[in-house]
Amino acid sequence: MTSPTLTNTVLYLDGVSVTFDGFRAINNLSLAIAPGEMRAIIGPNGAGKTTMMDIITGKTRPDEGEVFFGGMIDLTMLDEAEIATLGIGRKFQKPTVFESHTVADNIRLALAGARSPFSALFGARNRIAGERIDAILSTVRLTEHRGRLAADLSHGQKQWLEIGMLLAQDPKLLLVDEPVAGMTDAETAETAHLLKEIAREHSVVVVEHDMAFVRDLGCKVTVLHEGSVLAEGSIDAVSANERVIEVYLGR
Amino acid sequence: MTRRPILLAMLDGKGAIFLGVLAALAVLVPLSNLFLPETSPLHVPTYAVSLLGKYLSYALLALALDLVWGYCGILSLGHGAFFALGGYAMGMYLMRQIGPRGVYGHPVLPDFMVFLNWQELPWYWSGFDIFPFAALMVLAVPGLLAFVFGWLAFRSRVTGVYLSIITQAMTFALMLAFFRNDMGLGGNNGLTDFKDILGFSVQAQGTRLALFVATVIALALGYGVARYMVTSTYGKVLVAIRDAESRTRFLGYRVEHYKLVAFTVSAMMAGVAGALYVPQVGIINPSEFSPANSIEAVVWVAVGGRGTLVGAALGAVVVNMAKSWLTGALPELWLFALGALFIVVTLYLPKGIVGTLAEWREKRQATATAKPAGIAAEAAE
Ligand SMILES: Nc1ncnc2c1ncn2[C@@H]1O[C@H](COP(=O)(O)OP(=O)(O)OP(=O)(O)O)[C@@H](O)[C@H]1O
Ligand SMILES: [Mg+2]
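Computed from a predicted model, the values in this text were never measured in an experiment. (Residues numbered from 1 in each chain as written. Chains lettered and ligands numbered in written order. Predicted model: local features only at pLDDT ≥ 70, side-chain atom pairs only at ≥ 80, totals over all residues. Heavy atoms only, no water.)

### Here we look at the overall build of chain A
- Scanning chain A from terminus to terminus reveals 10 helices and 10 strands.
- Taken over the C-alpha trace, chain A has a radius of gyration of 18 Å; the compact-globule value for 251 residues is 18 Å, and the two agree within 12%.
- The principal-axis extent of the C-alpha atoms belonging to chain A is close to 55 × 40 × 40 Å.
- With 251 residues in all, chain A has 55% of them scored as buried.
- The contacts of chain A with a sequence gap of at least 6 include a subset with a gap of at least 24, amounting to 67%.
- Carbon and sulfur atoms provide 52% of the accessible area of chain A, an area that totals close to 10,800 Å².
- Within chain A, one finds 24 positive and 34 negative side-chain charges whose respective centroids are separated by 5 Å. (Helix = DSSP H or I, 4+ residues; strand = E, 2+ residues; numbered from the N terminus. Rg over C-alpha atoms; globule rule 2.2 N^0.38 Å. Buried < 20%, exposed > 50% of the residue type's maximum accessible area, 1.4 Å probe, protein only. Contact = heavy atoms within 4.5 Å. Areas by Shrake-Rupley, 256 points an atom, 1.4 Å probe, with all protein chains shown as cover. Lys, Arg positive; Asp, Glu negative; His and termini not counted. Charge placed at Lys NZ, Arg CZ, Asp CG, Glu CD.)

Have a look at this one:
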């Protein structure tokens, strides 16, 4: 495998650091994701996994380092809305959906399309949207729930709804933070299946603690520790790595 | 989807009732005032027409507040400022209409300027003798203030209680400014002793009826605008921002733009409300900027039901009727009653009158039909 260069990556982080009140949450982090790749990120609590996503999506500005999307777009100069529009979607660690809207409306709001207040006020609603919504709802197995309020969904269903919203955005890169937290084993297996399906057409970065799930994904794994990369490779390789066992798996 | 279902969807049951009540008021109140004998129990005396008009202008203010608070989670504690600015714009027009009929008989200058020995009208008074210009200012001044204020606040992502505090500070600062004589807006006493509006005496029975009807129409239009906004995709995004602001950002929406539109439109509606209020009560002074007024408006919305529009209007009327009655009977009790009302509503009626009624109805329907409520909601879409 050739080492990743800036130009053939969908996401490229180099020497990124961020400090919160003197605490280095991300420390000289470098990472490259190839187009179409699925990558799992693991690491102990506080390793900086969520903070890394915050940096990529424009929520947190890095103190130093480079973050490039698609090889040429400098993400450190843009805000959340601009980055989302470029094609980076994100699922939060705590499932976050619009509780007072129906499941279908949650998807509708996420659908790729015009985003300005003006078009939202005066734009005509299109019919094609309905079909897209149906397709996405069946992908995330929420078809029977389309008319329910998102607030009434179970925890696992909210996770799926949020993944559905990501699909509706149709981003080039999906960042998925702990998608199976609080799910039953059956739901977890289904989610792994779903993410693999999604990864066929998108680049996906998944943060997860559940090792069985990560193994299920069957992709390259990056281990994060104290804000930088501790190990990288196949699940078997990183599981055998002594440092990884020491700081994470062995606990 | 075609146009018709959207317009139909805009008007739900409670909206239809609301507009029906407004139409009935616009017709029946003037008829009763003009044609029923004063001895009839159904006769509405002229002073009561103006009192009702005042309540309805408050209802429009409440509606404006509900648009930002109920639908977008922006708890403005400074909406009274937009109301007062609209009121001052109208007051300035009414002052200019006095002409040489003031106590000092100066051909141009209002009495308070003559009293202060001012020689000429300050520049910002020019144009206010022309009604269309004044009407434009009723919208433009509150709108511009809200736009600039909102642009700064929303861009810096000031939210929650911090935003509430700075809106409160805004109205307080304006109150202090308007109290000053050298603002050229009447200082303490504000603007009063109005004579004419559009050539008709503000005291005349016919003018009072016309002002009442104008207020009803403005309230109906305000409702239409607000309802259009909240039922459009725009409104869904507003609610999304209220529920999960950062989620909305990560979907690519510019949250600050959405908030800014709602805040500005809302401020303009509040300005219109103030402009209709002033000729009906006959005075506008700096106490209209007082922070307590803005807080009172929040109580109206909470009582009627946040995020329902109709409830906000209803809350304004109900609370103000109670206020008129109580301040007549036991004036010193009003503030305590208002505080108690707010606590009771927050604890026992968090959805307000209209929200609670709607919830009951939904529950009844849900048990009556075997279908889950969600399917019905989807079908109604
Ligand atoms: N905005 C912030 N202000 C201060 N400290 C922060 C902030 N965001 C994150 N941190 C700190 O940075 C460190 C990394 O947090 P982060 O949430 O990225 O960890 P994580 O790897 O996602 O952990 P978990 O597995 O528990 O989700 C933590 O110690 C956290 O307390
Ligand atoms: Mg995390």
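Picking up after the structure, the text goes on.
### A look at the overall build of chain B
- Looking only at helices and strands, chain B has 16 helices and 4 strands in total.
- Relative to the 2.2 N^0.38 estimate, which gives 21 Å for 381 residues, the radius of gyration of chain B is 22 Å and therefore close to what a compact globule would have.
- With the principal axes as the frame, chain B shows a C-alpha extent of 75 × 60 × 50 Å.
- By residue count, 50% of the 381 residues in chain B fall in the buried class.
- Sequence-distant contacts, at least 24 apart, represent 77% of the contacts inside chain B between residues at least 6 apart.

### Some words on the UniProt feature "transmembrane region" (unreviewed entry) in chain B
Residue and element names in this part refer to chain B.
- Under the UniProt annotation, "transmembrane region" (unreviewed entry) lies at residues 16–36, 56–89, 130–154, 161–179, 209–226, 257–278, 298–321 and 333–350.
- Overall, residues 257–278 shows 100% helix and 0% strand. The separation of its end C-alpha atoms is 32 Å.
- This span, residues 298–321, is 79% helix and 0% strand, and a straight line between its end C-alpha atoms measures 16 Å. (UniProt positions renumbered as here; feature names shortened; annotations may be inferred.)

### Focus on helix H11 (residues 255–281) of chain B
All names here are of chain B.
- With 27 residues, H11 should cover 39 Å at 1.5 Å per step; its first-to-last C-alpha distance of 39 Å lies within 8% of that length.
- For H11, the tally of buried residues reaches 21 of 27 residues, placing the bulk of the element in the interior.
- Backbone geometry just after H11 places Gly282 at a positive phi near 85°. (Expected span 1.5 Å × (residues − 1).)

### So, the coordination of the magnesium ion (ligand 2)
- Coordination sphere of the magnesium ion (ligand 2), protein contribution only: A:Thr50 (OG1) and A:Gln93 (OE1), at 1.9 to 2.1 Å. A residue pair is termed long-range when its members are at least 10 positions apart, and A:Thr50 in helix H1 (residues 49–56) and A:Gln93 in the loop between strand E6 (88–91) and helix H3 (103–110) qualify at 43 residues. (Donors = N, O, S within 2.8 Å, 3.2 Å for Na, K, Ca; no water.)

### Regarding the interface of chain A and chain B
- The interface of chain A with chain B comprises 38 residues on the first partner and 32 residues on the second.
- Of the roughly 3,100 Å² buried at the junction of chain A and chain B (both faces included), carbon and sulfur atoms supply 56%.
- Note that A:Glu82 and B:Arg254 form a salt bridge whose closest N and O atoms lie 3.6 Å from each other.
- Here chain A is connected to chain B by 17 residue pairs in polar contact (both at pLDDT 80 or more).
- Considered class by class, the residues forming the side of chain A that touches chain B number 14 nonpolar, 9 polar and 15 charged. (Buried area = accessible area lost by both parts, 1.4 Å probe. Salt bridge = Lys/Arg side-chain N within 4 Å of Asp/Glu carboxyl O. Polar contact = N/O pair within 3.5 Å; in protein donor to acceptor, adjacent residues only side chain to side chain. Nonpolar A, V, L, I, M, F, W, Y, C, P; charged D, E, K, R; others polar.)

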